[in-house]
Amino acid sequence: MNVLRQILFLFTFALSTWTYGQTVKTVELEHKYYYTSDVTLNQAKRAAYEAAKRAAIQKAFSGVLDSEINVMEQSEANRDGTKTASNFHSITFSELRGEWLADVKEPWYGRPEYDDANDVWTIVCRVKGKVREIDSHRISLDWHLMRNSTEDHADAREFYENDRLYMSFTAPCDGFLAVYLIDGKEKAECLIPHDLESTGIYRIKGGKEYVFFSRDHDNQDGMRAPEAIRLIPYGDVEFCTIHVLFSPNAFKQAPMKGRDKRTVDGYTYDLHPELSAEAFYQWLGKLLTHDKDMVHEHRNITISLVAP
């Protein structure tokens, strides 16, 4: 090994040590996910992937922090008049004792199998990736998703066609915020910051409560207000995931492409800038790896065509 290679090796080792100051493990796990017929295969794969990552984190760092498992049970009327029942389980990354940094291998999926006796489908997902132990002194966020009203701060997880989505947010310190939504088409839409925000970031003042996506609220922070959101599902029931990222360190947003358009009932709407879910997770993994102060939380929601 010549001198140059020795220098490069030492530099790489030092960088790795700095990046992984907290405990980081590589873990591999196979998980079987159950889902109902109203869930598309792509949505089932994403849900299985998320569930496998959670299970892998629990395997690496046993237990959860302030565990709160949410179970949504709903009965929806389809366009053909039939009823569809769905159960949707979620637990946020922040509640686990660790967080998923990045895939080491691409996730592997088995062939979907139907359980006639229980009227459910199953799919197996195998993941291998790097997980990092959560620092007990990490930043704690207070945020809520609200349905059609900004007055009720109770979290809403079930939404219906033409509902308005609002979000409140408070951080204990100054920092920077980004919010993404992964929709039923496996696209990650950037909700915050606005794509026309000249700085490309959204600054947050510690201790201040923000309300987003409401035309009736002005956060008076000098930032371009994120656009109001009206929800319209793809299909009878759409499963979505909202990701919230906050850091005291400035960070650049994911590389988004231009806006697509969507026509509903004769009206054409501009969609948010987006990228594929796969590209989003790759970008997120790099971000979490290089910013040990980054807080990443996500929540699952459903958007249904018809309210009960």
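A few points on the structure.

## Some points on the pairing of strand β6 (residues 120-133)
In the case of a regular strand, side chains alternate between the two sheet surfaces.
Link 1 in the chain: With 12 bridges connecting them, strand β1 (residues 24-35) and β6 associate as antiparallel partners. Residue pairing for β6: E30 is matched across the bridge by R126.
Link 2 in the chain: The turn linking strand β5 (residues 113-115) back onto β6 is made up of four residues, and D119 within it adopts a positive phi angle of 55°.

## Things to note about helix α3 (residues 277-290)
Link 1 in the chain: Between the first and last C-alpha of α3 there are 20 Å, a value that for 14 residues agrees with the 20 Å anticipated at 1.5 Å per step.
Link 2 in the chain: The complete set of buried residues in α3 reads A277, F280, Y281, W283, L284, G285, L287, L288 and T289.

## Some remarks on the side chain of D163
Link 1 in the chain: Along the chain, D163 turns up in the loop between β8 (158-160) and β9 (165-170).
Link 2 in the chain: Of note is the side chain of D163, whose polar atom sits 2.5 Å from the side chain of R147.
Link 3 in the chain: Not counting the four nearest positions on each side in its chain, D163 is found in contact with R147, N148, I229, R230 and L231.

## Quick word on the packing of aromatic side chains
Link 1 in the chain: As enumerated under the stated definition, the model contains 12 aromatic pairs in all.
Link 2 in the chain: Each ring, one from Y180 and one from W283, has its centre 5.4 Å from the other, and the planes form 55°; the classification is tilted. Taken together, the residues span a long stretch of sequence, with Y180 in strand β10 (residues 175-182) and W283 in helix α3 at a distance of 103 residues.
Link 3 in the chain: With a relative accessible area of 13%, W283 lands in the buried category.
Link 4 in the chain: Ring centres of Y202 and Y210 lie 6.5 Å apart, and the angle between their planes is 80°; this geometry places the pair in the edge-to-face category. Each member of the pair, Y202 together with Y210, is buried.
Link 5 in the chain: These aromatic residues form a ring-pair network of at least three members: Y49, Y180, F280, Y281 and W283.
Link 6 in the chain: Taking NZ or CZ as reference, R126 lies 4.4 Å from the ring centre of W108, over its face.

## What about empty space enclosed by the protein?
Link 1 in the chain: Following the criterion strictly, the structure yields two cavities of 30 Å³ or more and no others.
Link 2 in the chain: Reported here for the largest cavity is a volume of approximately 40 Å³.
Link 3 in the chain: Taken together, C190, L191, P193, H194, D195, P226, E227, R259, H272 and P273 make up the full set of residues lining the largest cavity.
Link 4 in the chain: Looking at the lining of the largest cavity, its residues break down into five nonpolar, two polar and three charged.

## Thoughts on the nonpolar core
Link 1 in the chain: Within the largest apolar cluster, 44 residues are counted, with the highest numbers of intra-cluster contacts made by W100, Y180, L245, F280 and W283.
Link 2 in the chain: Put simply, the parts of the chain that give this core at least two residues each are β1, α2 (41-60), β4 (98-109), β6, β10, β11 (187-192), β14 (237-247) and α3.
Link 3 in the chain: Setting aside residues up to four positions removed in sequence, L245 forms contacts with F176, L177, A178, Y180, F251, W283, L284, L287, M294, V295 and H296.
Link 4 in the chain: Membership of the second largest hydrophobic core comes to 32 residues, among which are M167, L191, I204 and I303.

## Structural notes on the environment of I301
Link 1 in the chain: With respect to the helices and strands, the residue I301 is situated in strand β18 (residues 295-304).
Link 2 in the chain: For the pair I301 and E238, spaced 63 residues apart in sequence, the C-alpha to C-alpha distance is 8.4 Å.

## Some remarks on the sheet that holds β9
Link 1 in the chain: Reading across the sheet, the three strands line up as β7-β9-β13 and stay open at both edges, with antiparallel pairing between neighbours. At either margin of the open sheet sits one strand with a lone partner, and together these are β7 (142-147) and β13 (210-212). Taking the axes of each pair of neighbouring strands and ignoring which way they run, one obtains an average angle of 20° across the sheet.

## Section: the pattern of salt bridges
Link 1 in the chain: Evaluation of the coordinates by the stated rule reveals 10 salt bridges.
Link 2 in the chain: A salt bridge links R126 to E30, with the shortest nitrogen-to-oxygen separation between them at 2.9 Å. Of this pair, R126 sits in strand β6 while E30 sits in strand β1, placing them 96 residues apart in sequence.
Link 3 in the chain: Residues D163 and R147 are paired through a salt bridge, measuring 2.5 Å at the closest nitrogen-oxygen approach. Residue D163 is found in the loop between β8 and β9, and its partner R147 is found in strand β7; the two are separated by 16 residues along the sequence.
Link 4 in the chain: The class for D163 is buried, based on a relative accessible area of 6%.
Link 5 in the chain: The network of salt bridges with common partners includes E99, R132 and R138.

Cut-off values and rules
- Residues numbered from 1 in each chain as written.
- Predicted model: local features only at pLDDT ≥ 70, side-chain atom pairs only at ≥ 80, totals over all residues.
- Heavy atoms only, no water.
- Pairing = 2+ DSSP bridges.
- Helix = DSSP H or I, 4+ residues; strand = E, 2+ residues; numbered from the N terminus.
- Expected span 1.5 Å × (residues − 1).
- Buried < 20%, exposed > 50% of the residue type's maximum accessible area, 1.4 Å probe, protein only.
- Polar contact = N/O pair within 3.5 Å; in protein donor to acceptor, adjacent residues only side chain to side chain.
- Contact = heavy atoms within 4.5 Å.
- Phe/Tyr/Trp six-rings, centres within 6.5 Å; stacked < 30°, edge-to-face > 60°.
- Lys NZ or Arg CZ within 6 Å of the ring centre and 35° of its normal.
- 1 Å grid on protein atoms, 1.4 Å probe; cavity = no way out; pocket = protein on both sides within 12 Å on 5 of 7 lines; lining within 4 Å.
- Points joined across faces, edges and corners; volume = space filled by probe spheres on them.
- Nonpolar A, V, L, I, M, F, W, Y, C, P; charged D, E, K, R; others polar.
- Core = buried A, V, L, I, M, F, W, Y, C linked by side-chain atoms within 4.5 Å.
- Axes fitted to C-alpha atoms, helices over the stretch in contact; angles between N-to-C directions.
- Salt bridge = Lys/Arg side-chain N within 4 Å of Asp/Glu carboxyl O.

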